[in-house]
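Structural characterization, general
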Amino acid sequence: MAEREGRKMGRNTNTYTYHVETLQQWLPLTRLHILIHLIAVVSLCYYRLSHLFLHPPTPPWILITAAELLLSMLWFFNQAFRWRPVSRTTFIDKLPREDTLPGLDIFVCTLDPQKEPTVQVIDTVVSAIAMDYPSDKLAVYLSDDGGCPVTLYAMREAGAFAREWVPFCRKYGVKLRCPKVFFSPMGEDEHLLLQEGFKAHRDLIKAKYEKMQKNIEKFGSDPNNLRIVSDRAPLIEIINEEPGLPLLVYVSRERRPSLPHKFKGGALNTLLRVSGFLSNAPYFLVVDCDMYCNDPTSAKQAMCFFLDPQTSKDTAFVQFPQMFHNLSKKDIYDSQTRTAFKTMWQGMDGLRGPGLSGSGNYLSKSSLLFGSPNQKNDYMLDAEKYFGNSTGFIESMKVMRGQKSSKKSISREEMLKEALAVCSCSYENNTKWGTEVGFSYVILLESSATGYILHTRGWRSVYLYPKTPCFLGCAPTDIKEGMLQLVKWLSELLLLGFSKYSPFTHGFSSMSITHSLTYCFITMSSFYAIVFIIYGIVPQICLLKGIPVFPKVTDPWFAVFAFVYVSTQVQHLVEVLSGEGSMAMWWDEQRIWILKSVTSIFAMIDAMKKWVGLNKVKFSLSNKAVDKEKMKKYEEGRFDFQGAAVFMTPMVVLLIINIVGFFGGIWRVLNEKDFEEMFGQLFLVTYVMVLSYPILEAIVTMKSKSG
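These numbers come from a predicted model, not from an experiment.

A few words on the nonpolar core. Grouped together as the largest cluster of nonpolar side chains are 78 residues, with contacts concentrated most on Ile479, Ile522, Leu595, Phe639, Phe641, Met651 and Ile695. Per-element tally for this core: the top contributor is helix α17 (residues 479-497), with 9 residues. Residues in contact with Ile695, not counting those within four places in the same chain, are Arg591, Leu595, Phe639, Phe641, Met648, Met651 and Leu655. In terms of nonpolar packing, the next biggest core, distinct from the first, is built from 66 residues, Tyr18, Val166, Cys169 and Leu464 among them.

Of the two faces of strand β3 (residues 86-90), only the one carrying Val86, Arg88 and Thr90 is buried; Ser87 and Thr89 on the other face are not. Note: strand β2 (residues 19-23) against β3, 5 bridges, orientation antiparallel. In the strand pairing of β3, His19 is matched with Thr90.

Another aspect to go through is helix α19 (residues 513-524). Its 12 residues place the ends of α19 16 Å apart at the C-alpha level, agreeing with the 16 Å of an ideal helix rising 1.5 Å per residue. With 10 of 12 residues buried, α19 is to be regarded as a mostly interior element. As for α19, its buried residues are in contact with α3 (59-78), α11 (338-349), α16 (446-456), α17, α18 (503-510) and α20 (528-545).

It is worth spelling out the confidence of the model for the protein chain at this point. When pLDDT is averaged along the protein chain, the result is 91; 95% of the residues meet or exceed 70. Predicted confidence for residues 1-10 stays below pLDDT 50, and this span has 10 contacts to residues more than four positions away or in other chains.

Here the focus is the environment of Lys467. Along the chain, Lys467 falls in the loop between β13 (460-463) and β14 (471-473). For Lys467, a relative accessible area of 90% corresponds to the exposed category. Counting along the chain gives 91 residues from Lys467 to Lys376, while the straight-line C-alpha distance between them is 39 Å.

A few words now on the sheet that holds strand β8 (residues 283-288). With mixed pairing, 8 strands are arranged side by side in an open sheet as β6-β7-β5-β4-β8-β12-β10-β13. The open sheet has two edge strands with one neighbour each: β6 (235-240) and β13. Geometrically, the sheet is characterised by an average inter-axis angle of 20 degrees between neighbouring strands, direction not taken into account. Note that strand β5 (residues 138-144) and strand β7 (residues 247-252) share 5 bridges and pair parallel. Note on β7: the bridge partner recorded for Tyr141 is Val249.

Our next topic: the packing of helix α21 (residues 556-578) against helix α22 (residues 583-599). Viewed as axis vectors pointing N to C, α21 and α22 meet at an angle of 125 degrees, and their least axial separation amounts to 9 Å. The angle between α21 and α22 falls in the class oblique. Two packed elements cross with a definite hand, and for α21 against α22 that hand is right-handed. For the pair α21 and α22, the contacting residues are Gln569, His572, Leu573, Val576 and Leu577 in the first and Met583, Met585, Trp586, Glu589 and Gln590 in the second. Here the contact of α21 with α22 is composed, by residue class, of 6 nonpolar, 3 polar and 1 charged.

Even without being a glycine, Asp334 presents a positive backbone phi close to 50 degrees. As for its position among the elements, Asp334 is in the loop between β11 (323-324) and α11. Looking at Asp334, the relative accessible area reads 11%, which means it is buried.

Next up on the list: the pairing of β8. Of all the 6 residues making up β8, 6 are buried; the element is thus mostly covered by neighbouring parts of the structure. Both faces of β8 are covered, namely the face carrying Tyr283, Leu285 and Val287 and the face carrying Phe284, Val286 and Asp288. By the bridge criterion, 6 bridges tie strand β4 (residues 104-110) to β8 in an arrangement that is parallel. The residue bridging Cys109 from the neighbouring strand is Asp288, located in β8. Sheet topology places β8 next to strand β12 (residues 361-364); 4 bridges connect them, and they run antiparallel. Bridge pairing in β12 links Val286 to Asn361.

The next subject is the packing of aromatic side chains. Following the criterion strictly, the structure yields 49 aromatic pairs and no others. Taken together, the ring pairs connect Phe161, Trp165, Phe168, Tyr172, Phe182, Phe183, Phe198 and Tyr209 into an aromatic cluster. Arg273 extends its terminal NZ or CZ atom over the ring of Trp433, reaching a point 4.7 Å from the ring centre.

A few words on the packing of α20 against helix α25 (residues 645-672). With their axes 8 Å apart at the nearest point, α20 and α25 run at an angle of 30 degrees to one another. The angle between α20 and α25 falls in the class roughly parallel. Between α20 and α25 lies a crossing whose hand is left-handed. Residues Phe532, Ile533, Gly536, Ile537, Gln540, Leu543, Leu544 and Lys545 of α20 lie in contact with α25, whose contacting residues are Leu654, Ile657, Asn658, Val660, Gly661, Gly664, Gly665, Arg668 and Val669.

On to the UniProt feature "binding site: UDP-alpha-D-glucose" (unreviewed entry) in the protein chain. In the numbering used here, UniProt assigns the "binding site: UDP-alpha-D-glucose" (unreviewed entry) feature to Lys115, Glu116 and Asp145. Spanning 31 residues, the named residues form one tight spatial group whose C-alpha atoms are at most 13.2 Å apart. Positionally, Lys115 belongs in the loop between β4 and α4 (118-129). Classification of Lys115 by relative accessible area gives partly exposed; the value is 32%. By secondary structure assignment, the location of Asp145 is in the loop between β5 and α5 (149-172). Judged by relative accessible area, which is 7%, Asp145 ranks as buried.

Cut-off values and rules
Residues numbered from 1 in each chain as written. Predicted model: local features only at pLDDT ≥ 70, side-chain atom pairs only at ≥ 80, totals over all residues. Heavy atoms only, no water. Core = buried A, V, L, I, M, F, W, Y, C linked by side-chain atoms within 4.5 Å. Buried < 20%, exposed > 50% of the residue type's maximum accessible area, 1.4 Å probe, protein only. Helix = DSSP H or I, 4+ residues; strand = E, 2+ residues; numbered from the N terminus. Contact = heavy atoms within 4.5 Å. Pairing = 2+ DSSP bridges. Expected span 1.5 Å × (residues − 1). pLDDT = per-residue confidence, 0-100. Axes fitted to C-alpha atoms, helices over the stretch in contact; angles between N-to-C directions. Parallel < 35°, antiparallel > 145°, perpendicular 65-115°, else oblique. Left-handed = near helix turned anticlockwise from the far one by under 90°. Nonpolar A, V, L, I, M, F, W, Y, C, P; charged D, E, K, R; others polar. Phe/Tyr/Trp six-rings, centres within 6.5 Å; stacked < 30°, edge-to-face > 60°. Lys NZ or Arg CZ within 6 Å of the ring centre and 35° of its normal. UniProt positions renumbered as here; feature names shortened; annotations may be inferred.

Shown next, in the form of structure tokens:
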């Protein structure tokens, strides 16, 4: 029925047991545009290269040619995302009975209560506990990698509150199960107010929630309770283990200053092992500590792919978009990352699946523990070599694999003792953890590397973008945090591009060419810095000196350059508007894209330092604490560069060069009357000036305040 409806609408639809896959409606036009644009790009490259052979090469021409060849390569990689984009719809009402659903673990990771406010972390944990999933099949684990007293205290408070919150949500059919959101004005539901006794019950629960918040804040007011304990023994505490409620567990793995801990990847691999003893679910959700579960049905939506007979065998993970509750209408920093979650991930979904984003993803434990989708059980014959010497954990994997366990049942105390052993710093020594087992340690971005490696092993993934956001987090609202995050991501991805797992080598040998190209783009996207720095300096200086670097406006070759520019802008505009965006969003995205691209030069420098061993590998945690003053500027659509002077240095230099080039170029053209030769450079410098005006204004404001 769904397939017939899809064909009536002119769309190519594949119908499965529990979900539907629909190809993008205007796919033929998209592919036609790519092919036409490709011809223009090849022609442009021919023009540049042939000029080098026919005329004496000059430094400006060589630099511009190099920039345009690099830009053409990145454009080519980027089109792989647009070759076969799909969207998906799930049918959770068709799933098997709840008592037959598989077990599900939820992993939440936190580190620093000063950057990740504890009350915010607990909201995420409580929203996970209240997931619309059978309680006896659900377990929630919090990894406290800071070993902070306030986090353990808050978990105990959360466990007590959950005993009231979960039954309340189920009794009245509450949809917004993050208590902070539910008790806010946006959480009011007139339908609930009509139910008898609801208002009184709600007020009672609200009072208990506010008491929990006050208790946590009071406990956290002591600086000693906020301290990160970097030298500590492992600790596992079962917070809740009552019938009718999900299992709730606090985990703090062993940390020693002199021993490697592998950051978040190491914490997640520890949770994989600990959960094998306590719940041993075949699937698990990873969610950032600031991304609460907004739609309690997300687990069942993910099961529509894991349990579907046609997709269950080789589906490694289901990725949901990262969406944010604190975005302003203008979103001048493009914190929503529309391009990634609307264009790139949907495009990869039509190939072999999107990458792993680090939060909001449901994973199959089999994909991380048992190699390829066709891996046979003889994989377990040499289990200690792969998984370590914990017989309890190895037996738990046999059970999950459907094999008989030879181990007798043990007491909860013995089980916890064994679970503590797999939390030690030395447990992973001489094993395959981080290489062939669990989350990858290839780079600090454990999620990106793991998702990519799973694809190279033959697994596929799924991207689901439902109308109701399933997870909502807190996006950076100032440029400093955004740039810190960007540099961290791009430098690590660049390292992946030059590692033994590079998509240019390992990827092409084990994945489809089109899918590999998407990873080529992801790992090499920091190279835009080279393009924009050359384009921001060379044409402007040449304009001042009267040296043309583009064809004369009356030259037929000028039409090729004009077409490439207009074609690129039209493609971007169509993607923004088709995704319910606006012209203002299209313009703002261009601005922030150039700003971020120029700033990514720091990512290249950082990656180079790490490559040669000059930089110590370290993880910089994003600050999730809200600054009211910065939030106000963000909501007003004003750029705020306070604290980001270093990141802004390249952009400031380019703006100065462009200002001089703009006014000096106009003066020179008016005097020399060579408008036809210099039109391309005049247009470029004018475009940069208009696009950069709000940035220039913010920089001037920042300088005046600091002065």
